[in-house]
Amino acid sequence: MKKYLEIGKIVSTHGIKGEVRVQPWCDSSDFLCEFETLYFDEGKKSVDIIRARVQKNVVIMQLDGVDTVEEAQNLRNKILYMDRDDVELDEGTYFIQDLIGLVCIDADGGGEIGKITDVLETGANDVYEITSAEGKKYLIPAIPDVVLETDLDGNTMTIRKMEGLFDDEN
């Protein structure tokens, strides 16, 4: 598993004192504001967060050592990373990057269905896109009736096929 995960992208500057506007790539903008330290270059360079606040759909951030609009402009389009050790997820909650690539197994003995290739955030619940070895795509809801077990160490997710989701097989 990756130690450093993408959490947002610096999209522009804000004001004249070196603040940056960050597009969050996480569940909520508020989550991005909780960090004291983030990273550049896939975790190779740390940067302390002096302050962060949500403004509409972006986060306005003051980074340590960035005090002018010119310095902030140099960071434009840079990706910010978080250290997974800085976050304790609730049980049954996973980072999307850890789910991509998991092999989906049919709980009722049908073998391998395919691999998770995308996670769609729909509001009520996430939806997993599974792509079979033949390239066929299936969308399954990430709900307890369907997702029975997620084993990150074993790189598998055991699912129960709901009627209607895999109708082309019969």
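All values derive from a computational prediction rather than experimental measurement.

Cut-offs and rules
Residues numbered from 1 in each chain as written. Predicted model: local features only at pLDDT ≥ 70, side-chain atom pairs only at ≥ 80, totals over all residues. Heavy atoms only, no water. Core = buried A, V, L, I, M, F, W, Y, C linked by side-chain atoms within 4.5 Å. Buried < 20%, exposed > 50% of the residue type's maximum accessible area, 1.4 Å probe, protein only. Helix = DSSP H or I, 4+ residues; strand = E, 2+ residues; numbered from the N terminus. Contact = heavy atoms within 4.5 Å. Pairing = 2+ DSSP bridges. Axes fitted to C-alpha atoms, helices over the stretch in contact; angles between N-to-C directions. Salt bridge = Lys/Arg side-chain N within 4 Å of Asp/Glu carboxyl O.

A. A look at the nonpolar core. Counting residues in each nonpolar core, the largest one holds 23 residues, and the members touching the most others are I7, L38, M61, L63 and M82. At the level of elements, β1 (4–14), β2 (19–24), α1 (29–32), β3 (37–40), β4 (45–55), β5 (58–63) and β6 (79–83) are the ones that each hand at least two residues to this core. In this structure, L38 is in contact with I7, L32, K45, S46, V47, I49, M61, L80, Y81 and M82, ignoring residues within four places of it in sequence. Grouped together as the second largest cluster of nonpolar side chains are 15 residues, I113, I116, Y128 and V146 included.

B. Region of interest: the sheet that holds strand β7 (residues 103–106). Pairing is mixed across the open sheet formed by 6 strands, whose spatial order is β10-β9-β8-β7-β12-β11. Two strands bound the open sheet, and with one partner strand each, they are β10 (137–141) and β11 (147–151). Across this sheet, the average inter-strand angle for adjacent strands is 35 degrees, counted without regard to direction. As paired strands, β7 and strand β8 (residues 111–121) are joined by 4 bridges and run antiparallel to one another. Of the residues in β8, the one forming a bridge with I105 is E112.

C. View of the side chain of D98. Relative to the helices and strands, D98 resides in helix α3 (residues 96–99). D98 sits in the buried class, given a relative accessible area of 11%. Ignoring anything within four residues of it in the chain, the contact list for D98 reads M1, R84 and L152.

D. Quick look at the pattern of salt bridges. By the definition in use, this model includes 9 salt bridges. K78 is the partner of D41 in a salt bridge, and the nearest nitrogen-oxygen pair spans 3.6 Å. Of this pair, D41 sits in the loop between β3 and β4 while K78 is found in the loop between α2 (69–73) and β6, placing the two residues 37 residues apart along the sequence. When the shortest N-O distance is used, the salt bridge between R160 and D108 registers 3.1 Å. With R160 in the segment after β12 (156–159) and D108 in the loop between β7 and β8, this pair connects stretches of sequence that are 52 residues apart. Ionic contacts of the salt-bridge type, sharing partners, join the residues K3, D83 and D85 into one network.

The analysis is restricted to geometry; functional conclusions fall outside its scope.
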